[in-house]
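Analysis of the macromolecular model
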Amino acid sequence: MAWTGKILRVDLTAGTCSAEELNRNWAQEYLGQRGLATKYLVEEIDAQIDALGPDNKMIMATGALTGTMASTGGRYSVVTKSPLTGCVACSNSGGFIGAEIKNAGWDMIIFEGKAPRPVYLYLVNDKAELLSADEIWGTSVWHSDEWLHSKHQDPMLRIAAVGRAAEAGCLYAAIINDLHRAAGRSGVGTVMASKNLKAVAVRGTKGVGNIKDPARFMEAVNAGKKVLAENAVTGQGLPSYGTQVLMNVINEIGALPAHNMIDVQFAGAQNVSGEAMHEPRRSDGKPNLTTNAGCFGCTIACGRISTIDQGHFSVEHKPEYWGNSGGLEYEAAWALGPDTGVDDLDALTYANFLCNEDGFDPISFGSTLAAAMELFELGAITTDDTDGVELKFGSAEALVWATEAMVKGEGFGRELGLGSKRLCEKYGHPELSMTVKGQEFPAYDPRGIQGMGLAYATSNRGACHLRGYTVASEVLGIPEKTDPLATDGKAGLVKAFQDATAAVDSSGLCLFTTFAWSLEDIAPQVDGACEGDWSAERMAELGERIWNMERDFNLRAGITAADDTLPKRLLKDAAKTGPAKGRVNDLDQMLPEYYALRGWSKHGVPTDATRQRLGLT
Amino acid sequence: MQRSLLIDAGKCTGCLQCELACSFENEGIFNPSKSRIRVFTFHQQGRFVPYTCTQCAEAWCMQACPVDAIAYNAATGAKTILDSACVGCKVCTIACPFGTVNYNSDTGKVVKCDLCGGDPACAKACPTMAITYVDADQTGYEKMLTWAARTDAGASATT
């Protein structure tokens, strides 16, 4: 069965923790994690509530295979209403805490209300307590992690926490678990802090059992591990270079957005690439990258463990940053680097450390800073706003200053915490915000990868690469190569990727397996572990059901088809260089077909027939 | 031929597949807290180190056990807990200099690596060959091979 069958409900207002039975019917329709938690959320909250008010709920949910030996089976998701976008938020993280929650005997934890004073949840198997977080409120994630381990004298506690960015109201604050893994996007950390919930500390020793057919499950798991090991991307590219394997590739095809998406290529890309992380530094002969690392159960191990050059100006007098921690991954490296025009690998690594230490999304942060830099160069922001700092594209000093200002949550740091949309509106240039539905873009320019334009425009959580990663097909040829500059067939491609992704995000497995696995590889693992008959077709339908459920929530929240669009820069200003030179994103050539394929009206609303077909009545 | 677990920490990514495999093989459940092999993370140093029983020839645990509940398996070289005899006194957990014998409060017995009867699940599960199961008398083979490969042709070795 794989599910534990138990949900922990934490009423922060009343200060109570209670156990309840999992709704098994919903588990059959929504599987787990993203799907199942979203079902609970949409059933329990009104879509129009204030995301930062006590009526919002925040769900930490494991997947059906979380905690099992299935490769990458350690994922969990945080589902809530986003303060950044007003849409449904679902942020997925690896590390170890997801499996620990399952090991403690819980499929998910639902947080509701708001604690009168700062608290943290201390969860050891069946025993759940809310304890005072007064002593760690106002401190970083890393400090809180150390304090909790020390207080409970338990080195094996797994911890997720919010940092000072969330407390200061940064709208894209993340929840950081295991020091450097993040439920990163859409401000799920901001919601957590709004509830006066500082941390979740978990120890689980019950184990994950209830496997439907252990022999068949292990057979499917071993077959899956073999496929990952033999695939060039998951077996070699990702372990060696991490997601940073993409930096030079995407730059070459002219889809690496730079300078707040003014450009589609960046001259300094190679200096901040995965390859550069392997190059010995001049100062100490060591490379930026110390080793690769795996999350729970992961046989790919794309994680980066890095150091900063001790002589670099950012850490020269800060020995506390001389050790190893989570290094740059592609999206973070892009937002902190090419998008701000900075090609200083150590400055990027330092900024990335701070994003982890105090819990904020490096994608949204870097993109917002890039917008601020463009505003500065236009004269809309001046040195009066920035304590005298020249906020120029390409300035590593400006990047380091801005990141430290974010951590402090004061002055211009607080402005940056608003996100690109609100910042650009405030300074009178809303057109400079590179966002969809208020969320900042990731690292693929839709002028050079056409399908991604449609994926961004229709993503249920605003601009995002993890809702339909057609880059796999358009650039890497997975499962088959399509022309990145063509629009034909992209509506179907985007829909297929979105549905499959929603299914994977509900399984407890990592999306990165899908560089090698299709639903045909995943379904036997789910079927070996979970009651019910799980085929690839059923998984795809499950994904489509989840997609439409999320869409319905967003529609009820007041998001409409008019929000399924891209910034004018991407629709009107042609790419200046590279293979996509002269191209804009031709969204209007793809969107109507997409609505039709989805079974939605021309206003982007699921028809009654579509809802009925998917059991969403 | 006896074989030994050979651990090369430099290859470990900290994924815990070994812990999952160990607990599933021995306890029938995926439960790292019940694994007989443990992976330690040294975060600041960027190191992951799997650690388990080395099956000492003159095993302190076996010498210390007052009820002869730890037996020598001549085929595998493993020192194996006899659940039927173990009284859960934990003297072996104190005697072991390496901490690799531990008490299981669910069963009231101690647990330690028994090499899965000669087919260790951890080694099979490890995706990076950080844990291998090799000829017990040739555990230095790979290291010797590496150094041998670096030797210049015609150079004389000093011993």
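Residues numbered from 1 in each chain as written. Chains lettered and ligands numbered in written order. Predicted model: local features only at pLDDT ≥ 70, side-chain atom pairs only at ≥ 80, totals over all residues. Heavy atoms only, no water.

Given two aromatic rings, their pairing is described by the distance between the two centres and the angle made by the two planes. Residue and element names in this part refer to chain A. For the structure shown, the criterion picks out 18 aromatic pairs over all chains. Here the aromatic rings of Y594 and W600 are separated by 5.7 Å at their centres, their planes lie at 90°, and the arrangement is edge-to-face. The exposure classification of Y594 matches that of W600, with both residues buried. Clustering of aromatic rings is evident, with ring pairs tying together Y330, Y444, Y469, F512 and F515. (Phe/Tyr/Trp six-rings, centres within 6.5 Å; stacked < 30°, edge-to-face > 60°. Buried < 20%, exposed > 50% of the residue type's maximum accessible area, 1.4 Å probe, protein only.)

Time to look at helix α11 (residues 345-358) of chain A. Since the α-helix packs 3.6 residues into each turn, any two residues three or four apart lie on the same face. Residues and elements named next belong to chain A. Here α11 contains 14 residues, and its C-alpha end-to-end distance of 20 Å stays within 8% of the 20 Å for a straight helix at 1.5 Å per residue. Among the 14 residues of α11, 14 are classified as buried, and the element is accordingly described as predominantly covered. A distance of 3.1 Å separates the backbone nitrogen of D346 from a side-chain oxygen at the start of α11, and that oxygen is part of D344. (Helix = DSSP H or I, 4+ residues; strand = E, 2+ residues; numbered from the N terminus. Expected span 1.5 Å × (residues − 1). Polar contact = N/O pair within 3.5 Å; in protein donor to acceptor, adjacent residues only side chain to side chain.)

So, about the interface of chain B and chain A. Facing 22 residues of chain B, the contacting portion of chain A comprises 39 residues. Summed over both partners, the interface of chain B with chain A buries about 2,100 Å², with 60% contributed by carbon and sulfur atoms. Its largest share of buried area at the contact with chain A, chain B owes to Q17, F30 and H43 of chain B, together 30% of the area lost on that side. For the interface between chain B and chain A, the tally reads zero salt bridges. Run the count over chain B and chain A and you get 11 residue pairs in polar contact (both at pLDDT 80 or more). No other element matches the four residues that helix α1 (residues 17-27) of chain B contributes to the side of chain B that touches chain A. (Contact = heavy atoms within 4.5 Å. Buried area = accessible area lost by both parts, 1.4 Å probe. Salt bridge = Lys/Arg side-chain N within 4 Å of Asp/Glu carboxyl O.)

All names here are of chain A. Here the structure, examined in full by the defined rule, presents 48 salt bridges over all chains. With a closest N to O distance of 3.9 Å, K127 and E129 form a salt bridge. On the basis of relative accessible area, E129 is assigned to the partly exposed category, the value being 26%. Because the salt bridges share partners, they merge into one network encompassing R9, E20, E44, K57 and E112.

Here we come to the packing of helix α7 (residues 214-230) of chain A against helix α8 (residues 232-241) of chain A. Residue and element names in this part refer to chain A. As a packed pair, α7 and α8 sit with axes 4 Å apart at the nearest point and diverge in direction by 55°. Classed by the angle they form, the pair α7 and α8 counts as oblique. Seen from α7, the contacting residues are V227, L228, A229 and E230; seen from α8, they are A232, T234 and G235. For the contact of α7 with α8, the class distribution of residues is four nonpolar, two polar and one charged. (Axes fitted to C-alpha atoms, helices over the stretch in contact; angles between N-to-C directions. Parallel < 35°, antiparallel > 145°, perpendicular 65-115°, else oblique. Nonpolar A, V, L, I, M, F, W, Y, C, P; charged D, E, K, R; others polar.)

What is shown is where atoms sit, not what they do.
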